[in-house]
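# Commentary on secondary and tertiary structure
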Amino acid sequence: MRKKIFVTREVFGEVLDFLALHFEVAANQEDKVLTTEELARVLADKDGALTTLTERIDENLLSRCPQLKAVCNIAVGYNNIDLTACNAHGVMATNTPGVLDDTTADFAWALILATARRLNEAEAYIREGRWDKWKLKQFLGLDVHHATLGIIGLGRIGQVVARRATGFEMEVLYHDVRRASAEIESACRARYVTKDDLFRRADIVTIHIPYSRETHHSIGAAEIALMKPSAILIHAARGGVIDDAALVEALRKGTLAGAGLDVFEGEPAIHPGFRELKNVVLSPHIASSSERTRFKMAMMAAENCVAALTTGNPPNLLNPAGK
Ligand code: DGY
């Protein structure tokens, strides 16, 4: 009998075609966000699932899905999956590392440039028909070239962001829980500093760490208070790493010049303060969203699912104890 799988959100047709070569496939192509109840019902007789960061895969769900053997996230981040619960239920969990590094780093740069040069404010000014004359002191921004870039998290994406900084002739500082190898530091031209030092010295701070209990609000009022009033904060990693209320407060008070944010605590809801602030560039968690990269991510998750349910050895297994 063919194994059954469910794809929890809309994916590309080619991905469904590929999955259909191996499994009986049901898919939520209408892209409705499913409640835990709905998900538990549909997964009750499934062997595998392609999931996204909008589905919470935890004990509550897994205890109602006795047949489930594989949960393949279409994302590199997997804070929506409780790996301990997966282990307890013999469920393999996988993610999509590597394929989105360049695209996500590109977008971090889009946020850096847009925020530093106040592109959102300038664009709104034209759209609203307010541009009546050229002015010397119009939308004065922050120079990105030759500025000091501070990277929190020199993992795969952080490294790509650092390498892109060479073109802007920037000084690159980084902080991470573990210092990178000399080889990586030299390829990225990045210097390891303490977290406090980084927040004090950088003109632009960009966050590239995963969300976990340990990183929850690891960028809060104390860290933001160390930043220069002329500095900007960029976040395209995971909501919850920054204490959004503390950030809104700093932006309101003007102790920080601006922020470029692709991810939010509790998204898609966002702190209402962000909407009122002009000095924030906002985007809806799209850093990895290029046509090619989102396709690769979905296909990689599909390949993980096929490997998990046919060989028991998916290439991007997160929890060997779940086998
Ligand atoms: C990821 O891969 O974790 C992204 O945030 C999803 O786009």
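Residues numbered from 1 in each chain as written. Predicted model: local features only at pLDDT ≥ 70, side-chain atom pairs only at ≥ 80, totals over all residues. Heavy atoms only, no water.

Turning next to the packing of helix α1 (residues 13-20) against helix α13 (residues 291-310). Across the interface, α1 lies against α13 with an axial gap of 9 Å and an inter-helix angle of 10°. Between α1 and α13, the interaxial angle falls into the category roughly parallel. Residues Glu14, Val15, Phe18 and Leu19 of α1 pack against Phe295, Ala298, Met299, Ala302, Glu303 and Val306 of α13. Class assignment of the residues belonging to the contact of α1 with α13 gives a composition of eight nonpolar, no polar and two charged. (Axes fitted to C-alpha atoms, helices over the stretch in contact; angles between N-to-C directions. Helix = DSSP H or I, 4+ residues; strand = E, 2+ residues; numbered from the N terminus. Parallel < 35°, antiparallel > 145°, perpendicular 65-115°, else oblique. Contact = heavy atoms within 4.5 Å. Nonpolar A, V, L, I, M, F, W, Y, C, P; charged D, E, K, R; others polar.)

Here α1 has its buried residues at Val15, Leu16 and Leu19. Across the axial projection of α1, the buried residues extend over an arc of 100°, all falling on one side. Contacts from the buried residues of α1 go to β1 (4-7), β2 (24-27), β3 (48-51) and α13. (Buried < 20%, exposed > 50% of the residue type's maximum accessible area, 1.4 Å probe, protein only. Arc of directions from axis to C-beta.)

Moving on, we get to the environment of Arg56. Inspection of the secondary structure puts Arg56 in the loop between β3 and α3 (59-62). Discounting chain neighbours no more than four positions away, the residues touching Arg56 are Leu61, Asn79, Asn80, Ile81 and Asp82. Separated by 3.1 Å, the side chain of Arg56 and the backbone oxygen of Asn79 make a polar contact. A polar contact of 3.1 Å, which involves the side chain of Arg56, links it to the backbone oxygen of Asn80. (Polar contact = N/O pair within 3.5 Å; in protein donor to acceptor, adjacent residues only side chain to side chain.)

Residues in contact with the ligand, as listed here, are Leu53, Ala75, Val76, Gly77, Leu100, Arg238, His285, Ser288, Arg294 and Met297. Here an oxygen atom of the ligand sits 2.6 Å away from a polar atom, N or O, in the side chain of Arg238. Contacts to the ligand include His285, whose side-chain N or O atom sits 2.7 Å from an oxygen atom. For the ligand, the protein covers 90% of the area, taking 230 Å² as the surface of the free molecule. Taken together, the residues that form the shell around the ligand break down as five nonpolar, three polar and two charged. (Near = heavy atom within 4 Å. Areas by Shrake-Rupley, 256 points an atom, 1.4 Å probe, with all protein chains shown as cover.)

On to the domain arrangement of the protein, then. Split by domain assignment, the protein resolves into domain 1 (4-97 + 291-322) and domain 2 (101-282). Taken together, the contacts link seven residues of domain 1 with four residues of domain 2. There are zero salt bridges connecting domain 1 and domain 2. Broken down by class, the residue content of the side of domain 1 that touches domain 2 amounts to four nonpolar, three polar and no charged. (Domains from an automatic or database assignment. Salt bridge = Lys/Arg side-chain N within 4 Å of Asp/Glu carboxyl O.)

Let us look at the sheet that holds β2. As summarised here, the arrangement of the five strands in space is β2-β1-β3-β4-β5, forming an open sheet in which the pairing is parallel. Lying at the two open borders of the sheet, with one neighbouring strand each, are β2 and β5 (92-94). Strand-to-strand twist of the sheet, defined as the mean angle between neighbouring strand axes without regard to direction, takes the value 15°. Against the sheet, α13 contacts β1, β3, β4 (70-73) and β5, and its axis sits at roughly 165° relative to β4. (Pairing = 2+ DSSP bridges.)

What follows concerns the side chain of His235. The topology assignment puts His235 in strand β10 (residues 232-235). A distance of 2.8 Å separates a polar atom in the side chain of His235 from the backbone oxygen of Arg238. Setting aside chain neighbours within four positions, we find His235 in contact with Leu111, Ile207, Val241, Ile242, Gly260, Leu261, Asp262 and Val263.

This part covers unusual backbone geometry. Residues apart from glycine generally show negative phi values, whereas peptide bonds are mostly found in trans. Cis rather than trans, the peptide bond between Glu267 and Pro268 has omega equal to 10°. Inspection of the secondary structure assignment puts Pro268 in the loop between β11 (258-261) and α12 (272-276). The phi dihedral of Arg118 falls on the positive side, at around 55°, and the residue is not glycine. Following the sequence through the fold, Arg118 ends up in the loop between α5 (101-116) and α6 (119-127).

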